[in-house]
Amino acid sequence: MLSLRCLNKLVNRGLLFLTFLLICFNEIIIYHVNRCSWQQIGCKVGNCTRILLVADPQILGVTYSKTLYSGLARFDADRYLRQTFKQALAFTKPHIICFLGDLMDEGNVASPEEYKSYVKRFRHIYRTDDDPRRVHIPGDNDIGGENGEYISNLNVHRFEEAFTQKDIFDYDNNRLRFFKINRMLLDFTNPDRENNAEHLRIGLSHAPILIGGGPLLRAIIKELDPHIIFSGHWHESRIFTHPDTKVVNFYESGVRHFDLKAIKEQQHSYLEIMVPTASYRMGKTKMGIGYATLVFRMMTRCPFRMGKRNTHYAYLSDGTSREFHNMES
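Residues numbered from 1 in each chain as written. Predicted model: local features only at pLDDT ≥ 70, side-chain atom pairs only at ≥ 80, totals over all residues. Heavy atoms only, no water.

S.K.: Which residues make up the overall build of the chain, and what values do they have?
M.R.: For the chain, the helix and strand inventory stands at seven helices and 15 strands. Taking the intrachain contacts of the chain between residues at least 6 apart in sequence as the baseline, contacts between residues at least 24 apart amount to 76%. Accessible surface, the chain as shown: approximately 16600 Å² in total, 55% of it carbon and sulfur. (Helix = DSSP H or I, 4+ residues; strand = E, 2+ residues; numbered from the N terminus. Contact = heavy atoms within 4.5 Å. Areas by Shrake-Rupley, 256 points an atom, 1.4 Å probe, with all protein chains shown as cover.)

The structure is reproduced here in structure tokens:
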């Protein structure tokens, strides 16, 4: 019969082993398990463009949190962002990665040295082995502007220097055109407006555009006339349509399909997809990364050819309340 000392030793070893298994599951295995549940969005034809959408990662700063465990919190949050991005990157193999603002939590209040360290951490988290096209939209936590907060030229300039990019860029043999929209500055880029009609027009904004109305929305509709807009800021996922101002919560497992040409030209409507926060530190139980696939389908009608764009969306969950959006268009 086992002595009490031996029994305690066996129990302690068992608890240590179970703790080790739990750590391995939560820190390593769970990412791969959840990825197996994600729904693929078909991209069998050659003329499709895969887009990964990352909103509000808000990598933690050093100003607001000065507790004893703040360093551990930054390390763990960075690791989570890196691991989830790594899985999403392998799953989607994107041609383009769009970062929809609030890349940093304290970018608007950081000192020059702190800002450089935040940019370095961001690049480490979101590094890739290949070289997909990237676009970075500033958020209120990057440059300021929330609730009427003053936006300094310094904050704007250093964001532009850290994440240098063109005002607009075209892709897929110039069939896709991406526009940067800055809701905080009530501004957007449109340097080649005379050729906009030749492209499928995609707006990228940190804050939502199609709700609330105002002169910015009217100007965007008049000058850009976008087929679809992607945004973030709320840390949740929504689907907006205009002018009926319909709002739909977007947390579901099925794939969403949108015919962008029909929405734009036949229904005379505008569509916006809001991407949730990618971080578990934002107080939300449902986090995600957006995935969109734009498919250009050719239909032949002699003697002319016509094309249309289709959009498909789906919701992916990892089973631990760390969730992904999978969106294809």
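Text resumes after the structure shown.
S.K.: Describe the pairing of strand S4 (residues 168-171), and please don't skip the residues or the numbers.
M.R.: As defined by bridge partners, S4 adjoins strand S5 (residues 176-182) across four bridges and the pair is classed as antiparallel. Bridge pairing in S5 places Tyr171 opposite Leu176. What sits between the antiparallel neighbours S4 and S5 is a turn of four residues, in which Asp172 has the positive phi angle 60 degrees. (Pairing = 2+ DSSP bridges.)

S.K.: Could you give an account of helix H2 (residues 70-92), naming the residues involved and the relevant values?
M.R.: With 23 residues, H2 extends 33 Å between its outermost C-alpha atoms, agreeing within 8% with the 33 Å of an ideal straight helix rising 1.5 Å per residue. Once H2 finishes, Lys93 follows within two positions and takes phi at roughly 50 degrees, a positive value. (Expected span 1.5 Å × (residues − 1).)

S.K.: An account of the packing of aromatic side chains is requested, with residue identities and associated values reported.
M.R.: In total, this model carries 10 aromatic pairs according to the counting rule given. Here Phe85 and Tyr126 contribute two aromatic rings whose centre-to-centre distance is 4.8 Å and whose plane-to-plane angle is 80 degrees, an arrangement assigned as edge-to-face. Residue Phe85 is found in helix H2, and its partner Tyr126 is found in the loop between helix H3 (112-125) and strand S3 (133-136); the two are separated by 41 residues along the sequence. On the accessibility criterion, Phe85 (0% relative accessible area) is buried. When the centroid spacing of 5.1 Å and the interplanar angle of 70 degrees are considered together, the rings of Phe99 and Phe122 count as edge-to-face. With Phe99 in strand S2 (residues 96-99) and Phe122 in helix H3, the pair connects residues that are 23 residues apart, well separated along the chain. Overall, Phe122 belongs to the buried group, its relative accessible area being 2%. Clustering of aromatic rings is evident, with ring pairs tying together Phe85, Phe99, Phe122, Tyr126, Phe159 and Phe163. (Phe/Tyr/Trp six-rings, centres within 6.5 Å; stacked < 30°, edge-to-face > 60°. Buried < 20%, exposed > 50% of the residue type's maximum accessible area, 1.4 Å probe, protein only.)

S.K.: Run through the packing of H3 against helix H5 (residues 153-162), naming residues and quoting values.
M.R.: Direction vectors running N to C along H3 and H5 enclose 35 degrees, while the axes themselves pass 11 Å from each other. For the pair H3 and H5, the crossing hand works out as right-handed. Between H3 and H5, the contacting residues are Pro112, Tyr115, Val119 and Arg123 on the first element and Arg158, Phe159 and Ala162 on the second. Class assignment of the residues belonging to the contact of H3 with H5 gives a composition of five nonpolar, no polar and two charged. (Axes fitted to C-alpha atoms, helices over the stretch in contact; angles between N-to-C directions. Left-handed = near helix turned anticlockwise from the far one by under 90°. Nonpolar A, V, L, I, M, F, W, Y, C, P; charged D, E, K, R; others polar.)

S.K.: Outline the pattern of salt bridges, supporting the account with residue identities and numerical values.
M.R.: Taken as a whole and assessed by the stated rule, the structure comprises nine salt bridges. A salt bridge links Asp192 to Arg177; the nearest nitrogen and oxygen atoms lie 2.9 Å apart. Linking Asp192 in the loop between strand S6 (187-188) and strand S7 (200-205) with Arg177 in strand S5, this pair joins segments that are 15 residues apart in sequence. Accessibility classification places Asp192 together with Arg177 in one group, the buried group. One network of salt bridges, in which partners are shared, links Asp170, Arg177 and Asp192. (Salt bridge = Lys/Arg side-chain N within 4 Å of Asp/Glu carboxyl O.)

S.K.: Account for the nonpolar core, naming residues and giving values.
M.R.: Counting residues in hydrophobic clusters, the biggest one holds 27 residues, and the most contacted among them are Tyr115, Tyr126 and Phe163. Counting only elements with at least two residues in this core, the list comes to strand S1 (48-54), H2, S2, H3 and H5. In terms of nonpolar packing, the next biggest core, distinct from the first, is built from 26 residues, Ile51, Leu100, Val135 and Phe258 among them. (Core = buried A, V, L, I, M, F, W, Y, C linked by side-chain atoms within 4.5 Å.)

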